[in-house]
Amino acid sequence: MTTQIRLGEIAIDVVKKDIKNIHLSVYPPAGRVCISVPQRMDLDTIRVFAISKLGWIKKQQQKLQEQEREFPREYLDRESHYVWGKRYLLKIVEKGAVPYVTLKHNKMVLRIRPDMSAEQKQIVLAEWYREKLKEAVPPLINKWEPLIGVKVHKFFVQRMKTKWGSCNSQARNIRLNTELAKKPPACLEYVLVHEMVHLLEPTHNSRFITLMDQFMASWRNHREELNRSPLGHEEWAE
Ligand SMILES: [Zn+2]
């Protein structure tokens, strides 16, 4: 069961679990706060605990904001860019042709017209990442549909600010964050399976967790991997 408590402008997701201790987490990029608590703990106790940790929460959120600012992309030669979890060094080739991106050994070659701004380069690359993801998803859906026993009506790849994916279980539509093309392939597979399991169980209840354990025993590792990296754009209720 997930409920939410509010401390001023900070919303905190409360997840009751079969655990003994309280776990408090602040997730990138937006600094979402989640508290996992033992099943029987009442909301007043949780609230008192959260208030006592308010200073820590705010500090973590501030750190995340600074981290975001630490990685501005300038789209210059030798800048690091990630594709499926692998690091590539950007190589800019200015040519009067249609912009395109290729991967060569450890280089990401971005062919662009001279005088393209950083923003225009960003758009070219973002579109390329989107295409990468759009190519990678259908085989995975084909693989998992019979295993999970669901049908995905449609999937969308888009920029998402606070989530890796989302699922509209009634329309059977799944949305995936373009950023997933930067992560190891297993992360995409995990997010996709997570969203597909929502077609069986829309909420993050214990049935959902049991299903995830059943279909993908390693899902917690993938979630951790998504949480860890500074490129991260992560937000899960559980
Ligand atoms: Zn979910």
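Treat the numbers as computed from the prediction; the structure is a model and nothing was measured.

S.K.: Mind showing me how you'd approach the coordination of the zinc ion here?
M.R.: Ideal geometry at a metal centre: 109.5 degrees between donors when four sit tetrahedrally, and 90 or 180 degrees when six sit octahedrally. All of the protein donors around the zinc ion are His194 (NE2), His198 (NE2) and His204 (NE2); their distances to the metal are 2.1 Å. Read from N- to C-terminus, the donor residues coordinating the zinc ion fall into the pattern H-x3-H-x5-H. Note that His194 is positioned in helix 4 (residues 185-197) and His204 in the loop between helix 4 and helix 5 (206-215), a separation of ten residues in sequence. His204 sits in the buried class, given a relative accessible area of 19%.

S.K.: Explain the state of the cysteines to me, please; I cannot follow it from the model alone.
M.R.: Here is the idea: a disulfide is a covalent bond, and it sits between the sulfur atoms of two cysteines. Counted under the stated rule, the structure contains zero disulfides. Here Cys34 stays unpaired: no disulfide links it, and the sulfur of Cys187, its closest cysteine neighbor, is 19 Å away.

S.K.: Any chance you could explain the sheet that holds strand 9 (residues 154-158) here in plain terms?
M.R.: Ordered by their spatial adjacency, three strands build an open sheet running 9-11-10, and the pairing between neighbours is mixed. The open sheet terminates on both sides in strands that have one partner only, identified here as strand 9 and strand 10 (165-168). Ignoring strand direction, the axes of neighbouring strands in this sheet form an average angle of 15 degrees. The sheet contact formed by strand 10 and strand 11 (residues 173-177) spans four bridges and is antiparallel. Note that in strand 11 the partner of Cys167 across the bridge is Ile174. Along the sheet face, helix 3 (residues 118-148) touches strand 9 and strand 11 and points at about 155 degrees away from the line of strand 9. Most of the contacts of helix 4 go to strand 11, to which it runs at about 150 degrees, and overall it touches strand 10 and strand 11.

S.K.: When you look at the pairing of strand 5 (residues 80-83) in this model, what are you seeing that I'm missing?
M.R.: Consecutive residues of a regular strand have side chains that alternate between opposite faces of the sheet. One ladder, built from four bridges, connects strand 5 with strand 6 (residues 86-94); its direction is antiparallel. Its bridge partner being in strand 6, Tyr82 is matched across the sheet by Arg87. The turn joining strand 5 and strand 6, which pair antiparallel and follow one another in sequence, is formed by two residues; a positive phi near 50 degrees is taken by Trp84.

S.K.: For this particular structure, what's the right way to read the sheet that holds strand 5?
M.R.: The pairing of strands in a sheet comes from backbone hydrogen bonds and takes either a parallel or an antiparallel form. If you trace the four strands from one edge of the open sheet to the other, you get 5-6-8-7, paired in mixed fashion. At either margin of the open sheet sits one strand with a lone partner, and together these are strand 5 and strand 7 (100-104). Across this sheet, the average inter-strand angle for adjacent strands is 35 degrees, counted without regard to direction. Pairing between strand 7 and strand 8 (residues 107-112): five bridges, direction antiparallel. Within strand 8, the residue paired with Val101 across the bridge is Leu110. Each of strand 5, strand 6, strand 7 and strand 8 touches helix 3; the most contacted strand, strand 8, lies at about 120 degrees to it.

Definitions and cut-offs
Position numbers for residues start from 1 in each chain and track the written sequence from start to end. Reporting of local features is limited, given that this is a predicted model, to residues whose pLDDT is at least 70; pairs of side-chain atoms are given and counted only at 80 or more, and all residues count toward the totals for whole chains, interfaces and linings. For the side-chain quantities, the full set of heavy atoms in the structure was used; hydrogens and water were omitted. Metal coordination here is assigned from N, O and S atoms located within 2.8 Å of the ion, or within 3.2 Å for Na, K and Ca; omission of water means that sites may look incomplete. Helix and strand definitions here come from DSSP, where helices need a minimum of 4 consecutive H or I residues and strands a minimum of 2 consecutive E residues; each element is numbered from the N-terminal end. To sort residues, take the accessible area from a 1.4 Å probe on protein chains only and compare it with the maximum for the residue type: under 20% means buried, over 50% means exposed, and anything in between is partly exposed. Working definition: a disulfide is two cysteine sulfur atoms within 2.5 Å of each other. By definition, two strands form a pair when at least two bridges between them are found by DSSP. Think of each axis as a best-fit line through the C-alpha atoms, taken over the contacting stretch in the case of a helix, with angles from 0 to 180 degrees between the N-to-C directions. Here a residue-residue contact requires only that any non-hydrogen atoms of the pair lie within 4.5 Å.

Keep in mind that these numbers describe shape and distance, not what the molecule does.
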